[in-house]
Amino acid sequence: MINEEDIEKAENNFKAVLTLEIKDGINIPDDSSASIVSSGLMGAKYISKLTGLFACAEISSEFLYERPVFVDNQTLCIFVSQSGETADTLGALDLVKEK
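Everything numeric here is computed off the predicted structure, so don't read it as measured data.

Re the overall build of the protein chain
Across its full length, the protein chain carries 4 helices and 0 strands. Here the protein chain holds 99 residues, and the buried ones make up 14% of them. A separation of at least 24 residues holds for 45% of the contacts in the protein chain among residues at least 6 apart in sequence. Accessible surface, the protein chain: about 8,500 Å² in total, of which carbon and sulfur atoms supply 55%.

In structure tokens:
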């Protein structure tokens, strides 16, 4: 839950605050895209806050078509796949290896 101190920090440091609430009783399967992408987004935020470095999460299929310019040979990339997206994830890995 976001408290007043968090909101004040966000207002002083960011242009927007995004919260996500899921009603009680709504189940999201552990292997769903929503669960995996949400975990990636939270992980990127955690890494960024912990280290002070830029971190982001991208869906592999979108990563492939956006051709990210921020990836170089000093960029750590972590790939997570779920059933049905392995080809996109491997394609993203190959793209990063080229850089």
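Now that the structure has been shown, we can carry on.
Quick notes on helix 2 (residues 33-51)
Between its first and last C-alpha, helix 2 extends 27 Å over 19 residues, near the 27 Å set by a 1.5 Å rise per residue. The positive-phi residue at the C-terminal boundary of helix 2 is glycine 52, with phi of around 80°.

With respect to the nonpolar core
Listed in full, the 6 residues of the largest apolar core are Phe63, Leu64, Val71, Ala92, Leu95 and Val96. Those elements giving two or more residues to this core turn out to be helix 3 (60-66) and helix 4 (86-98). Beyond its immediate chain neighbours, meaning those up to four positions away, valine 96 contacts Phe63, Val71, Cys77 and Phe79.

Re the side chain of serine 60
Mapped onto the elements of the fold, serine 60 is located in helix 3. Owing to a relative accessible area of 9%, serine 60 belongs among the buried residues under this scheme. A polar contact of 3.2 Å, which involves the side chain of serine 60, links it to the side chain of threonine 89.

Focus: the environment of alanine 44
Structurally, alanine 44 can be placed in helix 2. Assessed through its relative accessible area of 9%, alanine 44 is described here as buried. Each C-alpha atom, one on alanine 44 and one on glutamate 58, is 9.7 Å from the other, the two residues being 14 residues apart in sequence. Not counting residues within four places of it along the chain, the set of residues in contact with alanine 44 comprises Ala55, Cys56 and Ala57.

Parameters and conventions
- Residues numbered from 1 in each chain as written.
- Predicted model: local features only at pLDDT ≥ 70, side-chain atom pairs only at ≥ 80, totals over all residues.
- Heavy atoms only, no water.
- Helix = DSSP H or I, 4+ residues; strand = E, 2+ residues; numbered from the N terminus.
- Buried < 20%, exposed > 50% of the residue type's maximum accessible area, 1.4 Å probe, protein only.
- Contact = heavy atoms within 4.5 Å.
- Areas by Shrake-Rupley, 256 points an atom, 1.4 Å probe, with all protein chains shown as cover.
- Expected span 1.5 Å × (residues − 1).
- Core = buried A, V, L, I, M, F, W, Y, C linked by side-chain atoms within 4.5 Å.
- Polar contact = N/O pair within 3.5 Å; in protein donor to acceptor, adjacent residues only side chain to side chain.

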